[in-house]
Amino acid sequence: MRAGDAITRPDDVGSESVSVLLPLPIHALYDYLVPEDVHVFPGSYVMVPLGGRSVLGVVWGAPLGDVAPEKMKAILEVKPAPPLSAVMRDFVEWVARYTVNSPGAVLRMVLRVSEALDPPRPRLAYRRAGDLPPRMTPARQRVVDLLDDGPPLEKADIVREAGVGSSVIKGLVDAGTVEIVELPAAPRLALPDPDAQGPVLSDDQAVAADDLTAQVKTGGFATTLLEGVTGSGKTEVYFEAVAEALRHDKQVLVLLPEIALSAQFLRRFAERFGAEPVVWHSDVPRKKRRDAWRAVSDGSARVVVGARSALFLPFAKLGLIVVDEEHDGSFKQEDGVCYNARDMAVVRGRLEDLPVILCSATPSMETLVNVELGRYGGLTLAERHGGAALPDVAAVDMRSAGTARGHWLSPPLVDAIQTALDAGEQGLLFLNRRGYAPLTLCRTCGHRFACPNCSAWLVEHRHFGRLQCHHCGFSGPVPESCPACGSTDSLVACGPGVERLLEEVEQCFPDCRTEVMSSDTLAGPDVAQELIARFEAREIDLLIGTQVAAKGHHFPMLTVVGVIDADLGLEGGDLRAMERTWQLLHQVAGRAGRAEHPGRVLLQTYDPENPVLAALVSGDRDGFLGYLKEQRRAAGMPPFGRLAGIILSGTREGDVRDLARELARHGPRGDGIQTLGPAPAPLSLLRGRYRWRLLVHARRDVDLQGAIRAWLKPVKLRGTMRLQVDIDPYSFL
Ligand code: ADP
Ligand code: ZN
Ligand code: ZN
């Protein structure tokens, strides 16, 4: 920029060239000239030329100075949007450093809806104007009637409501009977009302709510765990903090797992605040996302409820972040940039200097230890709201329960369901397995149906008549005969999935109205909402569900929960298997008896002595968590030590193996840090790519990321080879 330019803003970059960060995985920072008549600031969104294309980027700061000015290309265009804030730029760099990615890869997550940066296209509507045309038709008359009675309408609405083609509308415009008017770009969002009446809080709840609202009022960074059994009113409590932020004209971000399925939450929010929040997740249609992005960045979206990706939205005046179900694994992204949205939410809260609330009935070990060390505050709701008792949990030892071969319901579970049904109550059967059977094999030759692209068995989905891979989406029809030996009628289904369980339930309880709730039966959020509404309205007696049925729903008449295979999550035996299984089963169990009707939970297991099962039955949460903690501490595992997974993949097995071995030879090793592996990943083939893993294990005080960066810097990836770093891994597959 030239001297004499009118710009005097302190953050003006103030030079003739600037560095621009592009949303690219590597080599993302480039210098560009700023044309004389163009004004940019740090954070300005700009279009710049790159290799013959025009690319969206963000002005990052002073030029790197590594390109001669005469070779430098010029910025093409500055987008008419408020610049990305300094805090967001810091956040991008912070996440990049922590996850060992380039800032460009992180920026890509911020720029997901780039069209939001262009001025919104005007929305045109039609209203009645002059006289009727000389030639009237019934279709024209319907349009005239429609517009005579009401406000201006958009073309699509007229077409639908008057049942006419768009040529009819055009004819009326040409005749001067109807005229075109411009509507405001996006319909104004209804504002949630902070002073709408919430419920009267119990003493416990009020103490927690006061603490959180005080934090919001004073502002400043603090992280607080809000812990309480399911049904204790955590949501009501943090709604108070949300209301307080709204009173101070701040925006709020609420992160939820499985957001696409949380219609019940949205309805509850709308009931409490008189307006729906803005929703953000990958299934939201693009146009809506564009409007949401804009409304977030200009501050008009007051409360955003979103999946993990909402954390990268450029809020104009954020005042509070809530992470509900903070322990949930779906906050961990494992594609591209591997990050945990719960942890990064705390980072964003620190950079933005605002309070963060983490909520859970079963907090993660990481969070519990942070509370213990005083890094996070802790608030506890001890009781269920309204004094509802916690359910009575019992294990059913399947070794002696007398369940017939090919059946999955034990006699005690059948009895419990029957009792509930007789009393007009409802049941939930939990089995975390989609489809009919997890494995199909040939009785004659032993052939097992495996995915051609993955090291995984194909799962039979009888409902669709297909064998499916749950990893890559491969599917094929169930064959008539064995492809290996040609025998017909020799294929057998092994093990249960929810579809197969439905068959058995229909045999055992012929009059029971049963439905399956899994990601296969939920074609979208609307279907989920409908299913939940029908269960709430008691049009369904028994729900068979995978983990999509485990989350947050509140069903007053649900009194029996049966877990078909409580050992399922413990199979892998990885670092987090016990913690995860305990959390999931605790949550499932928490669905039972949430209102005045006491609940029962039966856990079918072949290993009732397992600490997870024992803790669920005895209710000895503290004992179990103490045991887990000591196990982790003794092994130096997170949160007492640090881990990073390194995943190498490629289409040629030998190349992947060779590079993995080569990398392992130079892996970080020394005081407080070691490299383990390489070994083929448990999922050694995924979507046609061979996979090998290494694991770096370090003491907490070691600069793990620094060591990894230095180690991987010289690595050149050829061909199809890819390398992914997963800091704080959740999955070891
Ligand atoms: P959690 O989030 O801890 O599972 P919720 O906030 O969902 O608990 O509360 C469980 C149920 O109890 C909800 O239906 C909620 O509306 C109700 N509830 C909680 N606290 C109160 C209260 N103080 N007054 C009335 N209803 C309440
Ligand atoms: Zn065969
Ligand atoms: Zn597959």
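Here is what the cut-offs are and how they apply
Residues numbered from 1 in each chain as written. Chains lettered and ligands numbered in written order. Predicted model: local features only at pLDDT ≥ 70, side-chain atom pairs only at ≥ 80, totals over all residues. Heavy atoms only, no water. Helix = DSSP H or I, 4+ residues; strand = E, 2+ residues; numbered from the N terminus. Buried < 20%, exposed > 50% of the residue type's maximum accessible area, 1.4 Å probe, protein only. Polar contact = N/O pair within 3.5 Å; in protein donor to acceptor, adjacent residues only side chain to side chain. Contact = heavy atoms within 4.5 Å. Axes fitted to C-alpha atoms, helices over the stretch in contact; angles between N-to-C directions. Parallel < 35°, antiparallel > 145°, perpendicular 65-115°, else oblique. Left-handed = near helix turned anticlockwise from the far one by under 90°. Donors = N, O, S within 2.8 Å, 3.2 Å for Na, K, Ca; no water. Tetrahedral: all angles 85-135°; square planar, octahedral: opposite > 155°, others 65-115°. Core = buried A, V, L, I, M, F, W, Y, C linked by side-chain atoms within 4.5 Å. Nonpolar A, V, L, I, M, F, W, Y, C, P; charged D, E, K, R; others polar. Pairing = 2+ DSSP bridges. Salt bridge = Lys/Arg side-chain N within 4 Å of Asp/Glu carboxyl O.

Student: Help me understand the side chain of R272, please; the structure alone is not making it clear to me.
Tutor: Here R272 is to be found in helix 8 (residues 263–273). By relative accessible area, which is 7% here, R272 ends up buried. A distance of 2.8 Å separates polar atoms of two side chains, one belonging to R272 and the other to E240. With sequence-adjacent residues up to four places away left out, R272 is seen in contact with P194, A196, Q197, G198, P199, F239, E240 and A243.

Student: Help me out: how do you make sense of the packing of helix 1 (residues 86–99) against helix 2 (residues 103–110) in this one?
Tutor: It is at 8 Å that the axes of helix 1 and helix 2 come closest, and there the two elements cross at 125°. In terms of their interaxial angle, helix 1 and helix 2 are classed as oblique. Where helix 1 crosses over helix 2, the two elements pack in a sense that is right-handed. The segment helix 1 lies against helix 2, with M88, V92, V95 and A96 engaging P103, V106, L107 and V110.

Student: Just to check I follow, could you spell out the coordination of the zinc ion (ligand 3) for this structure?
Tutor: Reference geometry at the metal: tetrahedral coordination by four donors gives ideal angles of 109.5 degrees; octahedral coordination by six donors gives 90 or 180 degrees. For the zinc ion (ligand 3), the full set of protein donor atoms is C451 (SG), C454 (SG), C469 (SG) and C472 (SG), and the range of their distances to it is 2.2 to 2.4 Å. Coordination geometry of the zinc ion (ligand 3): the 4 donor atoms subtend angles of 101 to 115° at the metal centre, consistent with an arrangement described as tetrahedral. For the zinc ion (ligand 3), all donor residues lie on one chain, and their spacing in sequence is C-x2-C-x14-C-x2-C. On the basis of relative accessibility, which here comes to 26%, the residue C472 falls in the partly exposed class.

Student: Would you explain the nonpolar core in this entry?
Tutor: What tends to happen in soluble globular proteins is that the nonpolar side chains get buried as a cluster. Among the nonpolar cores identified, the biggest contains 107 residues, and Y45, L107, L253, L255, V304, L311 and F312 are the most heavily contacted of them. Per-element accounting of this core gives the leading share, 6 residues, to helix 15 (residues 577–589). Residues V242, V254, V305 and V322 belong to the second largest nonpolar core, which totals 29 residues.

Student: Would you explain the packing of helix 1 against helix 10 (residues 341–352) in this entry?
Tutor: Between two packed helices, both the angle of their axes relative to each other and the distance between the axes serve to describe the pair. Between helix 1 and helix 10, the shortest axis-to-axis distance is 10 Å and the interhelical angle comes to 140°. Crossing geometry of helix 1 relative to helix 10 is assigned as right-handed. Within the contact between the two elements, helix 1 uses V87, M88, D90, F91, W94, V95 and Y98 and helix 10 uses M344, V347, R348, R350, L351 and E352. Of the residues assigned to the contact of helix 1 with helix 10, the class counts are 9 nonpolar, no polar and 4 charged.

Student: Looking at this model, I keep getting lost on the sheet that holds strand 25 (residues 542–545). Mind explaining?
Tutor: Across a sheet, paired strands are connected by hydrogen bonds in the backbone, their directions being either parallel or antiparallel. With parallel pairing, 6 strands are arranged side by side in an open sheet as 17-27-26-18-25-24. Every other strand in the sheet has two partners, leaving strand 17 (392–397) and strand 24 (514–517) as the edge strands with one partner each. With direction set aside, neighbouring strand axes in the sheet form an average angle of 20°. Relative to strand 27 (residues 600–605), strand 26 (residues 558–563) is paired through 4 bridges, and the arrangement is parallel. Within strand 27, the position partnered with V561 by the bridge is V601. Along the sheet, helix 13 (residues 498–508) contacts strand 18 (426–430), strand 24 and strand 25; its crossing angle with strand 25, the most-contacted strand, is approximately 155°. Seen against the sheet, helix 15 touches strand 18, strand 26 and strand 27 and runs at an angle of roughly 165° to strand 18.

Student: Mind showing me how you'd approach the pattern of salt bridges here?
Tutor: When charged atoms on two side chains of opposite charge get close, those side chains can pair. What the rule picks out here adds up to 42 salt bridges. With a shortest N-O distance of 3.7 Å, E77 and K79 are connected by a salt bridge. A residue is classified by how much of its surface remains accessible, and E77, at 36% relative accessible area, is partly exposed. The partner of D157 in a salt bridge is R160, with the nearest N and O atoms 3.2 Å apart. Of this pair, D157 and R160 both sit in helix 4 (residues 155–163), 3 residues apart, which is roughly one turn of the helix. Taking the relative accessible area as the measure of exposure, D157 reaches 23% and is therefore partly exposed. When its relative accessible area of 57% is taken as the criterion, R160 is described as exposed. The structure contains a network of salt bridges with shared partners spanning E515, E530, R534 and E539.

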